[in-house]
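Below, each chain spelled out in residue letters.
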Amino acid sequence: MRLDDEQESSNFEVQRGGGGGFGGGGNMLGLLLPLIGSRFGCGGIVVLLVVLMVMGVNPLSLIGGGQIAPTQQGAPSSHDASQLNQVQHWSLKVLGSTERTWGKIFQQEGKQYEPTTLVFYSQNGISGCGAAQSAMGPFYCPQDKKVYLDTSFYDELRQRFGAPGDFAQAYVIAHEVGHHVQDLLGTLGDVNRRQQSVSEAQGNALQVRIELQADCYAGVWAKQTGLLEAGDIEEGLKAANAIGDDTLQKSAGQVPVPDSFTHGSSAERMKWLRQGLDTGDPAQCDTFNTRDLG
Ligand SMILES: [Zn+2]
């Protein structure tokens, strides 16, 4: 992809530390604070601090020793983009590109696109949907409307799944942004409600349609950017093929996460990515009213 001239998105956060897991008290508090903050509001944090003080722990010492700063905002004024590594900068070019593409598409429909935030973490992070772990792969959390990415997944994509190349990586981000688009359009909420009143198998079948639509949206983005180069589509299809459920299920150590339930077969993923790539039209991504997914 010719992404060099793309402007980087400023909608990002960096969660530092976490490499050592739930180690010292400071680290633990760093994890607890945002969790409690998100679940119970600031009052929850106050309660935690009071509990710690009653226990004889000086919370300030823990905060000082905390290794995680999960709530840094992506606004340029409160965030130092110079801390980012090359892969993260590159990812933000992809994100910036999705913002412009979806902004335009939403505008054409008389709607406004609210960008998602890309959260970079390493090994262990925290999301509005619970713990984030590298083993989960990238995911979108509807609770906080953020995309979580440990960029080491790109290495995995290359080495374990044999899907190298910049478009393969960009497709991963664009797929998660696709979930955000579904969230904004209300599709995600509608389907999640339907899933609660059907069997597990039916729920999984609905999940497949969610995932394939996100693949199609990723293709729509790629087509509309006009930045594709020779070989990109093959790269993307190779990635779609590699991370289909039937391929993925061979891998061990699965952790149940929002985005990992059921993604469809490799053939289905390739078909819907291709559908988006060919048409560039999100209206052609209606996986919910299609009998033949594959
Ligand atoms: Zn997904």
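Calculation criteria
- Residues numbered from 1 in each chain as written.
- Predicted model: local features only at pLDDT ≥ 70, side-chain atom pairs only at ≥ 80, totals over all residues.
- Heavy atoms only, no water.
- Helix = DSSP H or I, 4+ residues; strand = E, 2+ residues; numbered from the N terminus.
- Buried < 20%, exposed > 50% of the residue type's maximum accessible area, 1.4 Å probe, protein only.
- Contact = heavy atoms within 4.5 Å.
- Areas by Shrake-Rupley, 256 points an atom, 1.4 Å probe, with all protein chains shown as cover.
- Salt bridge = Lys/Arg side-chain N within 4 Å of Asp/Glu carboxyl O.
- Disulfide = S-S within 2.5 Å.

Asks: Would you mind going over the overall build of the chain with me for this structure?
Replies: Within the chain, the secondary structure is distributed over eleven helices and six strands. Taking all 294 residues of the chain together, the buried fraction comes to 48%. Intrachain contacts of the chain at a sequence separation of at least 6 include 75% that bridge at least 24 residues. If you sum the accessible surface of the chain, you get close to 13700 Å²; carbon and sulfur atoms cover 52% of it.

Asks: In this structure, what is going on with the pattern of salt bridges? I would like to understand it.
Replies: For side chains of opposite charge, pairing can occur when their charged atoms come near one another. Considering all chains together, one arrives at seven salt bridges under this definition. Measuring nitrogen to oxygen at the nearest pair gives 2.8 Å for the salt bridge that ties K146 to E13. Remark: E13 occurs in strand β1 (residues 12–14) and K146 occurs in strand β6 (residues 146–149); sequence separation between them is 133 residues. Of the two residues, K146 and E13, neither departs from the other in class, the shared state being buried.

Asks: Which parts of the structure should I look at to understand the state of the cysteines?
Replies: Any covalent bond linking the sulfur atoms of two cysteines counts as a disulfide. By the definition in use, this model includes two disulfides. Between C216 and C285 runs a disulfide, and the two sulfur atoms are separated by 2.0 Å. Note on the C216 and C285 pair: the S-S dihedral is about -70 degrees, so by sign convention the disulfide is left-handed. Taken as a pair, C216 in helix α8 (residues 200–225) and C285 in the segment after α11 (266–279) lie far apart in primary sequence, 69 residues in all. In this pair, the class of C216 matches that of C285, namely buried. Sequential numbering of the bridged cysteines in the chain gives the disulfide pattern 1-2, 3-4.

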